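Remarks on the overall topology
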Amino acid sequence: MTMEDLRACRTAAARIERLTERIARLRSATELARQNMQHVDGGIQEDRIAAQIAEIEELESALREDLAAAEAQAQRVEQELGA
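Below: a short report on this structure. Here the residue numbering is sequential within each chain, running from 1 through the sequence in written order. The model is predicted, so local features are restricted to residues of pLDDT at least 70 and side-chain atom pairs to those at 80 or more, both for listing and for counting; the totals for chains, interfaces and linings are taken over all residues. Heavy atoms throughout the structure, all of them, feed into the side-chain values; hydrogens and water do not.

A run of H or I in DSSP counts as a helix once it spans at least four residues, and a run of E counts as a strand once it spans at least two, with each numbered from the N terminus. Check the secondary structure of the protein and you find two helices and zero strands. In the protein, which comprises 83 residues, the share counted as buried stands at 22%. Any two residues whose heavy atoms approach within 4.5 Å at even a single point are treated as in contact. Across the protein, the fraction of contacts at a sequence separation of at least 24, relative to all contacts at a separation of at least 6, is 72%. The Shrake-Rupley method, run with a 1.4 Å probe sphere, supplies the accessible areas, and residue values consider only the shown protein chains as cover. Total accessible area on the protein stands at roughly 6200 Å², and carbon and sulfur atoms take up 52% of it. Classification of residues uses two cut-offs on accessible area relative to the type maximum, computed with a 1.4 Å probe and protein chains only: under 20% is buried, over 50% is exposed, and between them is partly exposed.

If you want it as structure tokens, here you go:
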């Protein structure tokens, strides 16, 4: 186990936290836009919501990949600490 391994774990954890927070913010903004759409004629607002949903999906995909990588890294660290 090196300091680089520990830094990589910390960096992965920070990235996961940032992605999770960003997804939550986008979901909130999307829900607010949907509520506002009930009072306004669609068009541009619908495009904006669709773009936000696409961004959420991309971020969730990146989050899943980061979580899988972090889990694998955590398992390697645990094995080294247990050895």
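Time to look at the pattern of salt bridges. One speaks of a salt bridge when a side-chain nitrogen belonging to Lys or Arg is within 4 Å of a carboxyl oxygen belonging to Asp or Glu. As enumerated under the stated definition, the model contains four salt bridges in all. Salt-bridge contacts for Asp 66 lead to Arg 15; the nearest nitrogen and oxygen are separated by 2.4 Å. With Asp 66 in helix H2 (residues 44-82) and Arg 15 in helix H1 (residues 3-37), this pair connects stretches of sequence that are 51 residues apart. You can call Asp 66 buried: its relative accessible area is 18%.

Turning to the nonpolar core, a few remarks are in order. Among soluble globular proteins, nonpolar side chains are generally buried collectively. By nonpolar core is meant a set of buried Ala, Val, Leu, Ile, Met, Phe, Trp, Tyr and Cys residues that side-chain atoms within 4.5 Å join together. If you look at the biggest cluster of nonpolar residues, it comprises nine residues: Ile 16, Leu 19, Ile 23, Leu 26, Ile 56, Leu 59, Ala 62, Leu 63 and Ala 70. For this core, the secondary-structure elements that each account for two or more residues are H1 and H2. Of all the elements, H2 adds the most residues to this core, at five residues. Beyond its immediate sequence surroundings of up to four residues, Leu 59 is in contact with Leu 19, Arg 22, Ile 23 and Leu 26.

What follows deals with the environment of Glu 46. Inspection of the secondary structure puts Glu 46 in helix H2. Sequence spacing of Glu 46 and Ala 33 is 13 residues, and the spatial spacing of their C-alpha atoms is 8.6 Å.

Inspection of the secondary structure assignment puts Arg 34 in helix H1. Taking C-alpha positions, Arg 34 is 8.3 Å from Glu 46, a pair spaced 12 residues apart along the chain. Excluding residues within four positions of it along the chain, Arg 34 makes contact with Ile 49 and Ile 53.

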